[in-house]
Amino acid sequence: MQQPDNVKLFGSKTTAPQLSIVIPTYNEAENIVNLLKSIKKNIDNDILTEIIVVDDNSPDGTGKLVDDYIKNLDQSNRKEENGVIRIRTIHRKQKEGLIQAILQGIASAFGEHILIMDADFSHPPETIPIIIENLQKNDKCIIVASRYIKGSCIEGWKLKRRILSFGANSIARLSLNVGNIRDPMSGFFAFHKSSIENIQFNTKGYKILLELLVKCRKTKVIEIPYVFTDRKIGKSKMNHMTILNYLHSLWKLYRYGKNENLNSQDIKNSIKFFSKTGRFFTVGASGLLVNYLVSILLSSGLQAKLWYMESTSIGIIVSISSNFILNKLWTFGDRDFSPRHLVKQYLLFFIICSLGASLQLALVYTLVESHVSYEWSLLFAVVAASVSNFILNKRFTFKEKIWG
Ligand code: GDD
Ligand code: MN
């Protein structure tokens, strides 16, 4: 690879920069130049740095703006002789996604260490010196600027985005075995270039750090706090596709982890856990059908003509009972039918399902009142309630460990 030519050196004989900062941009014309200036202010003169802006042919001219800025800078640098920071632009033909842009930036980086950050000031340049200090103190590690440790905070995010982020974060931490890292989805992180030597990145979307963490488990990870502030200018590029990509990556990384890192007991446990989850939700779906059919049959069917509120109540009770029996026999394979045990279990099952229903109501209310759309609120609430039903019944009604 060709080395950058016009970097200036301070007490070092090498021309390679110590730090490469990769900034992906798409329509950040109003942020990028101010960000570059602010980064320059925050980096010590003795740290040889290159900044790589990776632009996906932004319609608002972000790429051209950076090129012009570099041109002006080159001219003034010739006069002032203070070019320890070199900036360059990678122009990509079209918008192909955040991870792809970041990867291209990384592939072209010359630095000993690589730092990734957003262009919209959500990642404060004032945190860069702290990251550098940690990179210098700890040999070949990954530094994650974290939104979820003591001393961090998130400013400006609506409740919907907070819930989405927290939910996605928790799922990743639990399912990918990265529970010891509080913010594995951070977009603000740095690492020694050797950390990625043998890694093949093959997920799409936003969460490149997640893939890095899953694929280099042996590398030391340090989290440092910072204040995440939602962008003041421009719009987030996150959309429904980002969420789908995330779920797809999660699945890919989960399978990767299963093949590479888990021992056979873990594999057995995860198979057991997921097959039970599958059965529990199948039973739940059958319950909906039972509920519907019984209610209809009793109110307007051939069997009886009950008041619709009576038939609905009976429908609910019958479906909870059929769910209970099916889960007992099929999902959890529990063959203890002694009367006392059965009554106790049935009551517990009933209470936990009612708790789930209350949770669902409370969540829908809170979310809709915080201006989340009814469809999203309902989806989230139904998922939360059924997960709570599954976990609590598994643990307390059928006395099983959660995992396995
Ligand atoms: N080149 C390129 N191509 N850049 C992109 C693209 C793309 O397709 N999509 C987004 N970007 C750039 C934006 O211009 C910005 O600099 C950065 O990537 C982050 O995009 P945002 O749209 O501002 O993301 P966000 O604020 O919603 O998400 C942030 O938080 C997530 C965690 O919840 C980012 O830091 C994510 O990386 C992080 O995972
Ligand atoms: Mn942002």
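Just so it is clear, the structure is predicted and the values come from calculations on it, not from any experiment.

Moving on to the packing of aromatic side chains. Any aromatic ring pair is given by two values, namely how distant the centres are and how the planes are angled relative to each other. In the structure shown here, the tally under the stated rule is 21 aromatic pairs. For the ring pair W251 and Y254, a centre distance of 5.9 Å and an interplane angle of 20 degrees mean the geometry is stacked. With a gap of 3 residues between them, W251 and Y254 both fall in helix α7 (residues 240-260), about one helical turn apart. The class of Y254 is buried, set by a relative accessible area of 10%. Taking 5.0 Å as the distance between ring centres and 55 degrees as the angle between the ring planes, the aromatic pair formed by F280 and F390 counts as tilted. Of this pair, F280 sits in helix α8 (residues 264-300) while F390 sits in helix α11 (residues 374-397), and the two are 110 residues apart along the sequence. Geometry around Y26 places K95 over its ring, the cationic atom sitting 5.1 Å from the centre. Taking the ring centre of Y256 as reference, the NZ or CZ of K215 above it sits at 4.9 Å.

Further remarks concern the nonpolar core. Of all hydrophobic cores here, the largest spans 38 residues; its most connected members are I21 and I23. At the level of elements, β1 (19-25), α1 (32-42), β2 (49-55), α2 (62-80), β3 (85-91), α4 (128-137), β5 (142-146) and β8 (221-225) are the ones that each hand at least two residues to this core. The element best represented in this core is α1, accounting for 5 residues. Not counting the four nearest positions on each side in its chain, I21 is found in contact with I39, I43, T49, E50, I51, I52, L115, M117 and I128. If you look at the next biggest cluster of nonpolar residues, it comprises 35 residues, including I102, M185, L212 and L213.

Attention now goes to the domain arrangement of the protein chain. Many authors give the size of an interface as the accessible area that is lost as the parts come together. Each assigned domain of the protein chain is listed with its residue range as follows: domain 1 (7-260) and domain 2 (264-397). Contact with domain 1, which involves 6 residues of that partner, is made by 8 residues of domain 2. Here domain 1 meets domain 2 over a buried area of about 680 Å², counting both sides, of which 79% is carbon and sulfur. There are 0 salt bridges connecting domain 1 and domain 2. Applying the counting criterion to the domain 1 and domain 2 interface returns 0 residue pairs in polar contact (both at pLDDT 80 or more).

Analysis parameters
- Residues numbered from 1 in each chain as written.
- Chains lettered and ligands numbered in written order.
- Predicted model: local features only at pLDDT ≥ 70, side-chain atom pairs only at ≥ 80, totals over all residues.
- Heavy atoms only, no water.
- Phe/Tyr/Trp six-rings, centres within 6.5 Å; stacked < 30°, edge-to-face > 60°.
- Helix = DSSP H or I, 4+ residues; strand = E, 2+ residues; numbered from the N terminus.
- Buried < 20%, exposed > 50% of the residue type's maximum accessible area, 1.4 Å probe, protein only.
- Lys NZ or Arg CZ within 6 Å of the ring centre and 35° of its normal.
- Core = buried A, V, L, I, M, F, W, Y, C linked by side-chain atoms within 4.5 Å.
- Contact = heavy atoms within 4.5 Å.
- Domains from an automatic or database assignment.
- Buried area = accessible area lost by both parts, 1.4 Å probe.
- Salt bridge = Lys/Arg side-chain N within 4 Å of Asp/Glu carboxyl O.
- Polar contact = N/O pair within 3.5 Å; in protein donor to acceptor, adjacent residues only side chain to side chain.

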